[in-house]
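Residue strings, one per chain:
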Amino acid sequence: MSDPIGLARGLTNYGDRDFALYLRRSFAKSMGYSQALLTKPVIGIANTASGFNNCHRLVPELVDAVTRGVLAAGALPIAFPTISLGEVFLNPTSLMFRNLMAIDTEEMIRAQPMDAVVLIGGCDKTVPAQLMGAASANVPAIQLVTGPLMTGPWRGERLGACTDCRRFWARFRAGEVSRQQIAEIEGSLATTAGTCAVMGTASTMAAIAEALGMMLPGTAAIPAVHADRLRAAEATGAAAVALARHKLTPDRILTAEAIDNALRVLLAIGGSTNAILHLTAIGGRVGVDVPLDKLNALSAATPVLVDLKPTGPHYMEDLFAAGGIGAVLRELKPLLHLDCLTVTGESLGERLAQSEGAFVDRAVVHSLAEPVQPQGGLVALFGSLAPRGAILKRSAADTRLFERQGRAVVFSSLEDLAARIDDPALEVTPDDFLMLQNAGPTSPSAMPEAGYLPIPAKLARAGVKDMVRISDARMSGTAYGTVVLHVSPDAASGGPLGKARSGDLIRLSVKERRIDLLVDAAELARRPAPAPFAPARGYARLHREQILQADHGCDFAFLRPAPPAG
Ligand code: FES
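S.K.: Tell me what's going on with the packing of helix α8 (residues 201-212) against helix α12 (residues 274-285), and back it up with residues and numbers.
M.R.: For the pair α8 and α12, interaxial distance at closest approach is 9 Å and the crossing angle is 40 degrees. Between α8 and α12, the angle is such that the two are oblique. As α8 packs across α12, the resulting crossing turns out to be right-handed. Contacts from T201, T204, M205, I208 and L212 in α8 reach N274, A275, H278, L279 and I282 in α12. The residue inventory of the contact of α8 with α12, partitioned by class, reads six nonpolar, four polar and no charged.

S.K.: Give me the lowdown on the nonpolar core, citing residues and values where you can.
M.R.: Of all hydrophobic cores here, the largest spans 113 residues; its most connected members are I43, I120, L212, L295 and L319. Of all the elements, helix α11 (residues 256-268) adds the most residues to this core, at eight residues.

S.K.: Describe in detail the sheet that holds strand β1 (residues 42-47), supporting the description with residues and values.
M.R.: If you trace the four strands from one edge of the open sheet to the other, you get β2-β1-β3-β4, paired in parallel fashion. Lying at the two open borders of the sheet, with one neighbouring strand each, are β2 (76-81) and β4 (141-145). Shown here is a sheet whose adjacent strand axes are inclined to one another by a mean of 25 degrees, direction ignored. Note: strand β3 (residues 116-121) against β4, five bridges, orientation parallel. Of the residues in β4, the one forming a bridge with V118 is I142. Strands in contact with helix α5 (residues 126-137) are β1, β3 and β4; relative to β3, the strand with the most contacts, it is inclined by about 160 degrees.

Conventions used here
Residues numbered from 1 in each chain as written. Predicted model: local features only at pLDDT ≥ 70, side-chain atom pairs only at ≥ 80, totals over all residues. Heavy atoms only, no water. Axes fitted to C-alpha atoms, helices over the stretch in contact; angles between N-to-C directions. Helix = DSSP H or I, 4+ residues; strand = E, 2+ residues; numbered from the N terminus. Parallel < 35°, antiparallel > 145°, perpendicular 65-115°, else oblique. Left-handed = near helix turned anticlockwise from the far one by under 90°. Contact = heavy atoms within 4.5 Å. Nonpolar A, V, L, I, M, F, W, Y, C, P; charged D, E, K, R; others polar. Core = buried A, V, L, I, M, F, W, Y, C linked by side-chain atoms within 4.5 Å. Buried < 20%, exposed > 50% of the residue type's maximum accessible area, 1.4 Å probe, protein only. Pairing = 2+ DSSP bridges.

In structure tokens:
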């Protein structure tokens, strides 16, 4: 007997299958569907529209366009809601809820009768959450993103969230921008629907979804408000129907080789540090490890090709016009596994062959022969401060700070940072290393994007633009600076970072891939570890009990096929 399709899948358990199907069809008919439609394969559409997610403002339009594509291809489209994560609307931080959205997505795909699913995501944590959930549910799935927002003009400049948000805020703190100007800028940074306009986490994850083969070719960079975005949505709906017919499940697409390809793209686009966490977590769902020393090996052999903010001058709309992620993938061809399968059933090599010779604007997407930088944008550091690793986005950092020793100026928490960073009495020089503790995955703040510590106001006013900053927190993909992140194990779980004190010497060597706390072991053993954070109930308790460290992508241990030790 062939497997059931459409509404006959995964019947509600009444102990009588025929009754369950009769009842389901009867209730479905109350929504006005015809008998003919109710016998078709079902394509679920994960609808992540939310009043708390500006980046998903146009999701309802995308659902309509996907619906058109599904109907035209002969299946029944059924949209369903899941959690949506709007980056700036969540407390303490969106990362805390990525795994909750992944659970929601996985369970709703599995529990509801669908032969394939279209995942509509966009804002930073939504795409990784959807890919993690889809990988675990292992029902045919295809990703569609909402697309980046367009830039807007301000006094003759183009502005786009959110590198410009940070650039102007730093200038405001330094006294170079007035209160009146910062109010004008606030209204000019995000003037259309869509995800951040630069190579931040959302854009990086969209590029990764295309590189993994989980998305239609050429769709990662289409601006949210462009008519091509709706055509991409319609085509995605049609592709989902073919995906269902061929029963092409994510485990055949999300292979170790596909994840290598995605790492190459992450490095070549100078992508967000957050993406390494997300890709590690996605890999973990399908049993593929992404060790940080592998990142270093690939980074040494993958040039930066894309010249977007926060490291270059361009925006996502420029990348779209320049040829999109397809142009990057074609350039990287000699470094990629071309036999990887994609959602269309074609291999990556076949997919790229179809766009051979397409236009590329070399000001935005450089060639392998003349890259923006000869090595990848991200590098992992190890040493006595970070035995399980840390991350530095070297493409967004000041190379003059790469080989040095400095005195630590330690902030024990985000509250301590807020209370003292601008204190005129703070003992700090531009050569010191600013260090933030207790902002990692097991801390109460759950690893927020606080690793981009502000330059102390008195130094900012004196013209200091960058300092070495170290923490167990994350950094927005739209930020820049010599910022060492994801120090693992984190301070709150007893890692060495939590034992550092102001005045300790720290040695950073990007060349040697090292970050060391120059304090002897006996002295460190004498210093007390922070009291463990133990929430009493609810999701916070589940999060604290299950959260893995950054080197395992901050997934929950029980969601991985075989939970890793530690
Ligand atoms: Fe949603 Fe930046 S706030 S992508």
